[in-house]
Amino acid sequence: MQTKQLDKQNINKLVITFYTRVLKNEKLAPFFIEHLGPDMKSQTWQTHMDLLTDFWTTLITGSGDYRGFPFPPHAQMSGLDREAFETWIKLFFESVDKIFTEDIAIKFKEKSSIIASNFMRNLGI
Ligand code: HEM
């Protein structure tokens, strides 16, 4: 059942749901496997998912747990194209709809769309 409760535990569920889909997707998986490896249970993946949980918690609730710079790692990734971003958005929206009710889901969708557009502009794609 979808939840209205916007807390770190549910945001972590969203992150896990999203990356489970990403690793099964033939367009996106190679980027993540190259940088983080194939095993979502590894320490590298756990660290990444904790970081992304903090990232989304900060964006949506203003908690301030994430103080990093989201764009730079993407500038190093060769082969990123519009189709990769379209796939990223599709899987992220599906994951958001699975976890959160519509009123909350819309917030994640709006933020992620803006950031994806900014990344594509920065990458010149
Ligand atoms: C096709 C699209 C994308 C791909 C393939 C991708 C892939 C990755 C990978 C592999 C990393 C880990 C890099 C490393 O630690 O070596 C990463 C980090 C990250 N990504 Fe993405 N990403 C994409 C789009 C996005 C979008 C649209 C957002 C935000 C809405 C996002 C947010 C982040 C953040 C916050 C980090 C961590 C940055 C830090 O180190 O502080 N990514 N991404």
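Everything here concerns the structure above.
Rules behind the numbers
- Residues numbered from 1 in each chain as written.
- Predicted model: local features only at pLDDT ≥ 70, side-chain atom pairs only at ≥ 80, totals over all residues.
- Heavy atoms only, no water.
- Near = heavy atom within 4 Å.
- Polar contact = N/O pair within 3.5 Å; in protein donor to acceptor, adjacent residues only side chain to side chain.
- Helix = DSSP H or I, 4+ residues; strand = E, 2+ residues; numbered from the N terminus.
- Buried < 20%, exposed > 50% of the residue type's maximum accessible area, 1.4 Å probe, protein only.
- Arc of directions from axis to C-beta.
- Contact = heavy atoms within 4.5 Å.
- Salt bridge = Lys/Arg side-chain N within 4 Å of Asp/Glu carboxyl O.

Colleague: Just to check I follow, could you spell out the site of the ligand for this structure?
Modeller: Around the ligand sit 22 residues, and of these Phe32, Tyr66, His74, Met77 and Trp88 come closest. In this structure, an oxygen atom belonging to the ligand sits 2.6 Å away from a side-chain N or O atom of Tyr66. A distance of 2.8 Å separates a nitrogen atom of the ligand from a polar atom in the side chain of His74. Elements that contribute at least two residues to the shell around the ligand include exactly helix 2 (29-36), helix 3 (43-61), helix 4 (72-75), helix 5 (82-99) and helix 6 (102-123).

Colleague: Teacher, can you tell me more about helix 2 here?
Modeller: Owing to its 3.6 residues per turn, the α-helix aligns residues three or four sequence positions apart on the same side. Turning to helix 2, its buried residues are Ala29, Phe31, Phe32 and Leu36. Burial along helix 2 is one-sided: seen end-on, the buried residues are contained in an arc of 165°. Residues of helix 2 that are buried make contact with helix 1 (8-23), helix 3 and helix 5. Positive phi shows up at Gly37, right after helix 2, with a value of about 90°.

Colleague: Looking at this structure, how should I read the environment of Phe119?
Modeller: Secondary-structure assignment places Phe119 in helix 6. With 117 residues separating them in the primary sequence, Phe119 and Gln2 have C-alpha atoms 29 Å apart. Those residues in contact with Phe119, other than ones at most four positions away along the chain, are Pro70, Phe71, His74 and Phe85.

Colleague: Please explain the pattern of salt bridges as it appears in this structure.
Modeller: Should the charged atoms of two oppositely charged side chains come close, the side chains can pair. Following the criterion strictly, the structure yields 8 salt bridges and no others. Glu83 is the partner of Lys27 in a salt bridge, and the nearest nitrogen-oxygen pair spans 3.9 Å. Residue Lys27 is located in the loop between helix 1 and helix 2, and its partner Glu83 is located in helix 5; the two are separated by 56 residues in the primary sequence. With relative accessibility at 24%, the residue Lys27 sits in the partly exposed group. Judged by its relative accessible area of 46%, Glu83 is partly exposed. Among the ionic pairs, Glu94 bridges to Lys90, the shortest N-O distance being 3.2 Å.

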